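Coordinate analysis (summary)
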Amino acid sequence: MSTPNKETKPLYEVRNSPVHGNGVFAARKIPAGKRIIEYTGERVDWDETCRRTEAKGGPINHTFFFTLNNGLLIDGGAQGNDARFINHSCEPNCEAVEEDDRVFIHALRPIDKGEELNYNYGLIYEARHTKKVKEAFRCLCGAPSCTGVMLAPKKKQKKKSK
């Protein structure tokens, strides 16, 4: 009987997260730069994303949608994989990299066995970031530099001169 080598052991496992719901954790040490998993799911347009969110009773802040540069979205909740359980962090150990309309999660630094995988969602929310919106998108990562929200900062509007 052969012993599985390091490369055949899974890189990650899904289990309950202290941050939020399910999380994805390193099952073994992961080196910096390593491609860990592809974010998969059904490809949908914005209108379909809104329809699905409304059909589930919303809110749009708790979904498995990942926006692609081509304008489509990946619905990780439909035919998706474990990547949809990777939680947000303001001090991430991973990053999402888009290549040819596909999204891959890569390690930003060495990740120890048992460490939760995370990336900065940088969610774009066009409407005003009110207290209610910030609460809906509240961050629970606990990082020292936590911004308190999973939203990307709004771009500063240039003041019009009179």
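The structure we're discussing is the one just above.
A brief look at the structure comes next.

This paragraph deals with the sheet that holds strand β3 (residues 35-39). Here 3 strands make up an open sheet; going across it, the order is β3-β9-β8 and the pairing antiparallel. Two strands close off the open sheet at either side, each with one partner strand: β3 and β8 (94-99). Taking the axes of each pair of neighbouring strands and ignoring which way they run, one obtains an average angle of 30 degrees across the sheet. Two strands pair when backbone bridges link them, and β3 and strand β9 (residues 102-107) are joined in this way by 4 bridges, in the antiparallel orientation. Looking at β9, one finds that Ile37 is bridged to Ile105.

This part is about the side chain of Arg28. Here Arg28 shows up in the loop between β2 (22-26) and β3. For Arg28, a relative accessible area of 9% translates into the label buried. Polar contacts involving the side chain of Arg28 include one to the main-chain carbonyl oxygen of Lys9, which spans 3.0 Å.

With that out of the way, let us pick up the pattern of salt bridges. Inspection of every chain in the model, using the stated rule, returns 10 salt bridges. Residue Glu48 is joined to Arg51 by a salt bridge in which the shortest nitrogen-to-oxygen separation is 2.7 Å. In this pair, Glu48 and Arg51 are both assigned in helix α1 (residues 46-55), 3 residues apart and thus about one turn of the helix distant. A single network of salt bridges, built from pairs that share partners, joins Glu42, Glu48, Arg51, Arg52 and Asp75.

What follows covers the side chain of Thr49. Here Thr49 is to be found in helix α1. Judged by its relative accessible area of 1%, Thr49 is buried. With sequence-adjacent residues up to four places away left out, Thr49 is seen in contact with Val44, Phe65 and Leu73.

Scoring rules and cut-offs
- Residues numbered from 1 in each chain as written.
- Predicted model: local features only at pLDDT ≥ 70, side-chain atom pairs only at ≥ 80, totals over all residues.
- Heavy atoms only, no water.
- Pairing = 2+ DSSP bridges.
- Helix = DSSP H or I, 4+ residues; strand = E, 2+ residues; numbered from the N terminus.
- Axes fitted to C-alpha atoms, helices over the stretch in contact; angles between N-to-C directions.
- Buried < 20%, exposed > 50% of the residue type's maximum accessible area, 1.4 Å probe, protein only.
- Polar contact = N/O pair within 3.5 Å; in protein donor to acceptor, adjacent residues only side chain to side chain.
- Salt bridge = Lys/Arg side-chain N within 4 Å of Asp/Glu carboxyl O.
- Contact = heavy atoms within 4.5 Å.

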